[in-house]
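Fold and contact review
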Amino acid sequence: MPSIRILPETVANKIAAGEVVERPASVVKELVENSLDAGATQVSVEVESGGKRLLRVADDGSGMSHDDALLAFERHSTSKLRTAEDLVSIATLGFRGEALPSVAAVSRIVLETRSQEEEAGTRIEIAGGKLMSVRAAGLPPGTCVTVRDLFYNVPARRKFLKSETTELGHIASLVTHYSLAHPEKSFVLKTPTQEIMNVGPVASYQDRIFQLFGKQALDELLELKETKVAAPPASWETGSAAAAGEPGDTEREPAEMVIRGFVSKPEVQRPNRNAIYVFVNRRLVRDRLILHAIHEAYRNILPSDAFPTVLLFLELPFAEVDVNVHPSKVEVRFRHSAWVHDSAREAIRAALTALKPIASFPSVGRPAQRAAGVAAAGTGPSLQQAIPTDVPMSDGAGFELEPYQPAPEPQRFSFETGEAIPLTLSDESRQGVTGTFANAAGQPASTAPTTTEAEIANLKPLGQVSNSFIVAVNASGLWIVDQHVAHERVLFERQLRERQAGQVTGQRLLMPMIVQLSPRQQATFDQIAAELRSSGFDVEPFGQRTVAIQSAPTGISTSDLDKLLVELLDGVEKDAQTTNVETLRRKIAASVSCHAAIKINMPLDQRKMEWLLGELAKTDCPMSCPHGRPIVLRYSLREIEKAFKRV
Ligand code: ADP
Ligand code: MG
């Protein structure tokens, strides 16, 4: 075996580059992070040939002195970290001191920089890790890094780069993320032929979303109430984070978390997670914990195979987050993970339940398609188009960030024919997409089908369609209510309320019902028996893998009982996450209410319909059933008048 030796610096840098620099977008990421860390207020990115030929990031930040500029290319040289203790609370985007030497190892790089204090700037040229020239130059304060011919000396890597369009797509997504996280700064992204993005400073995330995606995207979103969450009690210590138990522990700053963000209204359904963006201290992260919190917030609102659009901005004390987990810093660990998880879930849930939104007729029938249609054909780009996916975008796929071009009209459901007809945008909603924000004063009027408690009140039933759907009217329009899911929602909320208040007492069966379980069902049963009992099921073990149901929640017919129990056991088994008590409770309540609710194809007399509509109006979430299906459709007075050409 050859003897061990320490690798030359240039080789080490090339190896590090393998980790940090995967594609042009990763270079842009490192350079933009450096600009932001340097306090820049303007960041401009220029790209040629998808960044393969040229990438340039210029900023008006602090700049570097002549000496620092040279040092910056040394491995592990950073101004952001001094001691190992600093690692416990990192306030900057970068800290590893690896980016510049890594990029310099695999490209031809030119750094032009001038600090405010120095008269002249410095220009450094490096190719393949070798210093080619250093000289003084007349430069404006700030830094400009130009990277040419990425991977020119690593042919294997170069081969793996995708088409120019794809690489540009990744870059566009990346700049989009940073511009979302920093609305108070300017970002420009351009190619020799196109200005892809040009956003000036704005006062709020909302304004930035409008700049980037236009009014339609905003209309789909609900803003979370800004929430400040106090530190968790000491007993919450979880400590998967490496930070836990470190020296700073006893005297750490008071932990307060600020939650801001936007989540899509319940009628928006996306086929995957690609429109979920979570920023932790202004860093875009991938985090399963928070994804789970989002999923939980939408449980019983969205079907389990549909996903919302979410832009979540969490600000935590730096010591609460460990960012030193992943070379490109896209994963983080929270010191108090349950605290973060539950707070995020509650903030989102609060916004969703405050809304009480109602589907209107246009969304009839094909929610999945509608959601896809909005994403693909909405005016201006949707979040989904603009922001990337884990899967690289296919060539030519639109990431068009120019929000201001009319696209094919969204489809709308026709009440008369039951077919989709083109929806003509009103002048009002067109205004939003011209790019002038002044008229909307930051609050573009929502045309989305959202309704308030008052609007669904006082429904007067007229009759049933097919003994299944109640037709009703009130001042706000004509309504059709699915009687089964409406009753399900009423029972679901009642069951949850009673459970929250304490034990639910079930109804005793005349004869215990014996149910045979599979080994897996038996295992699940043992796991959830206590919660089942508290939810009104008295179920006793009865010999090997057999249980006897003694009592059950009110309203469930005996013939349905074994099915319900088995459904519950199988449901929990499938979704391992439901070991969480809160989730389990909701799951049980959803199943119970589904089985206890009146069915379709059941005639209802006037009194029953009135009772049901009255109870529905009182629920927290009268628009969708606990499994996420719509409960009511509304044809608003305005839509009716429009259809008859009276307005
Ligand atoms: P890190 O960001 O992890 O510190 P980098 O290799 O990205 O490591 O950068 C090394 C150092 O160079 C930084 O710590 C910073 O001091 C300096 N630097 C890099 N880019 C800029 C910039 N755009 N403006 C000012 N200083 C910069
Ligand atoms: Mg850096």
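Going by the structure above, here's the rest.
Attention here is on the structure that accompanies the text. (Residues numbered from 1 in each chain as written. Chains lettered and ligands numbered in written order. Predicted model: local features only at pLDDT ≥ 70, side-chain atom pairs only at ≥ 80, totals over all residues. Heavy atoms only, no water.)

1. Brief notes about the site of ligand 1
Near ligand 1 you find 21 residues, and of these N34, T78, S79, K80 and G97 are the closest. Within the side chain of T78, an N or O atom sits 2.5 Å from an oxygen atom of ligand 1. Between G97 and ligand 1, the recorded distance is 2.7 Å, taken from a backbone N or O atom to an oxygen atom. Here ligand 1 loses 92% of its free accessible area of 540 Å² to cover by the protein chains. Elements supplying a minimum of two residues to the shell around ligand 1: helix 2 (24–37) and helix 4 (99–105). (Near = heavy atom within 4 Å. Polar contact = N/O pair within 3.5 Å; in protein donor to acceptor, adjacent residues only side chain to side chain. Areas by Shrake-Rupley, 256 points an atom, 1.4 Å probe, with all protein chains shown as cover. Helix = DSSP H or I, 4+ residues; strand = E, 2+ residues; numbered from the N terminus.)

2. A closer look at helix 2
Over its 14 residues, helix 2 runs 20 Å from end to end, which matches the ideal 20 Å to within 8%, given 1.5 Å per residue. With twelve of 14 residues buried, helix 2 lies mostly within the body of the structure. Where helix 2 is concerned, the buried positions are P24, A25, S26, V27, V28, K29, E30, L31, V32, E33, S35 and L36. Residue G39 follows helix 2 closely and has a positive phi angle near 80°. (Expected span 1.5 Å × (residues − 1). Buried < 20%, exposed > 50% of the residue type's maximum accessible area, 1.4 Å probe, protein only.)

3. A closer look at the side chain of E30
Following the sequence through the fold, E30 ends up in helix 2. By relative accessible area, E30 is classed as buried at 6%. Aside from chain neighbours lying at most four places away, what touches E30 is V20, A99 and K329. (Contact = heavy atoms within 4.5 Å.)

4. So, the sheet that holds strand 3 (residues 108–114)
The strand order across the open sheet built from eight strands is 5-4-3-6-2-1-7-8, with neighbouring strands paired in mixed fashion. Either end of the sheet is taken by a strand with one partner, and the two such strands are strand 5 (130–137) and strand 8 (195–199). Each neighbouring strand pair of the sheet contributes to a mean axis angle of 10°, computed without reference to strand direction. Pairing between strand 1 (residues 42–48) and strand 2 (residues 54–59): six bridges, direction antiparallel. If you follow V43 over to strand 2, its bridge partner there is D59. Set on the sheet, helix 2 makes contact with strand 1, strand 2, strand 6 (142–148) and strand 7 (186–190); between it and strand 2 the angle comes to about 10°. (Pairing = 2+ DSSP bridges. Axes fitted to C-alpha atoms, helices over the stretch in contact; angles between N-to-C directions.)

5. Some remarks on unusual backbone geometry
Generally, phi is negative for residues other than glycine and the peptide bonds are trans, each holding for most cases. You will see that S49, though not glycine, has its phi angle at about 50°, which is positive. Residue position: S49 is located in the loop between strand 1 and strand 2. For N458, which is not glycine, the phi torsion reads 55° and is therefore positive. Mapped onto the elements of the fold, N458 is located in the loop between helix 14 (453–456) and strand 20 (460–465).

6. Brief notes about the nonpolar core
Membership of the largest hydrophobic core comes to 60 residues, with the highest contact counts inside it found for V32, V45, V147, F187, L189 and L311. The biggest single contributor to this core is helix 6 (residues 164–181), with eight residues. In this structure, this core is formed jointly by two domains, domain 1 (9–161) and domain 2 (195–235 + 252–355 + 410–444), each of which donates at least three residues. (Core = buried A, V, L, I, M, F, W, Y, C linked by side-chain atoms within 4.5 Å. Domains from an automatic or database assignment.)

7. Looking at the environment of V199
Among the structural elements, V199 can be located in strand 8. Placed 23 residues apart in sequence, V199 and T176 show a C-alpha to C-alpha distance of 9.9 Å. Setting aside residues up to four positions removed in sequence, V199 forms contacts with S179, K185, S186, F187, R208, Q211 and L212.

8. Quick word on the environment of G128
Locating G128 in the fold gives a position in the loop between strand 4 (121–127) and strand 5. Its relative accessible area of 22% is what places G128 among the partly exposed residues. Remark: the alpha-carbon pair of G128 and A105, spanning 23 residues in sequence, is separated by 4.5 Å. Sequence-distant contacts of G128, that is, excluding residues within four places in its chain, are made with A104, A105, S107, Y152 and N153.

9. Observations regarding the packing of helix 6 against helix 7 (residues 205–213)
Where helix 6 meets helix 7, the axes come as close as 9 Å, and the angle between the chain directions of the two elements is 155°. Considering their axes alone, helix 6 and helix 7 lie roughly antiparallel with respect to each other. Residues T176, S179, L180 and A181 of helix 6 form the contact with helix 7, whose own contacting residues are Y205, R208, I209, L212 and F213. Class assignment for the residues of the contact of helix 6 with helix 7 results in six nonpolar, two polar and one charged. (Parallel < 35°, antiparallel > 145°, perpendicular 65-115°, else oblique. Nonpolar A, V, L, I, M, F, W, Y, C, P; charged D, E, K, R; others polar.)

10. Observations regarding the side chain of S591
Mapped onto the fold, S591 is located in helix 18 (residues 581–596). Classification of S591 by relative accessible area gives buried; the value is 7%. Sequence-distant contacts of S591, defined by excluding residues within four places in its chain, comprise L564, E567 and L568.

11. What to know about the sheet that holds strand 25 (residues 546–552)
The strand order across the open sheet built from three strands is 23-25-24, with neighbouring strands paired in antiparallel fashion. With partners counted over all chains shown, the strands left at the sheet margins are strand 23 (507–516) and strand 24 (538–541), one partner each. Recorded for the sheet is a direction-independent mean angle of 20° between the axes of neighbouring strands. The pairing of strand 24 with strand 25 spans four bridges and is antiparallel. Across the sheet, D538 pairs through a bridge with S551, a residue of strand 25. Contacts from helix 16 (residues 519–534) reach strand 23, strand 24 and strand 25 within the one sheet, and its direction differs from that of strand 24 by about 140°.

12. Considering the pattern of salt bridges
Inspection of every chain in the model, using the stated rule, returns 26 salt bridges. In this structure, R634 and E455 form a salt bridge, with 2.5 Å as the shortest nitrogen-oxygen distance. Taken together, the positions of R634 in strand 26 (residues 632–636) and E455 in helix 14 put the pair 179 residues apart, joining distant regions of the chain. On the basis of relative accessibility, which here comes to 7%, the residue R634 falls in the buried class. Of the residues examined, E455 reaches a relative accessible area of 25% and is grouped as partly exposed. Each member of the salt-bridge network shares a partner with another, and the members are E296, R345, E346, R349, E582 and R586. (Salt bridge = Lys/Arg side-chain N within 4 Å of Asp/Glu carboxyl O.)

13. Examining the packing of aromatic side chains
Under the counting rule described, the total for this entry stands at two aromatic pairs. On the basis of an interplanar angle of 5° and a centroid distance of 3.7 Å, the ring pair of Y205 and F313 is categorised as stacked. Here the residue Y205 occupies a position in helix 7, and F313 occupies one in strand 14 (residues 310–315), the gap between them amounting to 108 residues. Both residues of the pair, Y205 and F313, belong to the buried class. Centre to centre, the rings of F279 and F313 are 5.0 Å apart; their planes meet at 15°, and the pair counts as stacked. Remark: F313 occurs in strand 14 and F279 occurs in strand 12 (residues 276–280); sequence separation between them is 34 residues. Residue F279 shares its accessibility class with F313, and that shared class is buried. A cation over a ring is seen here: R108 above Y152, with NZ or CZ 3.9 Å from the ring centre. (Phe/Tyr/Trp six-rings, centres within 6.5 Å; stacked < 30°, edge-to-face > 60°. Lys NZ or Arg CZ within 6 Å of the ring centre and 35° of its normal.)

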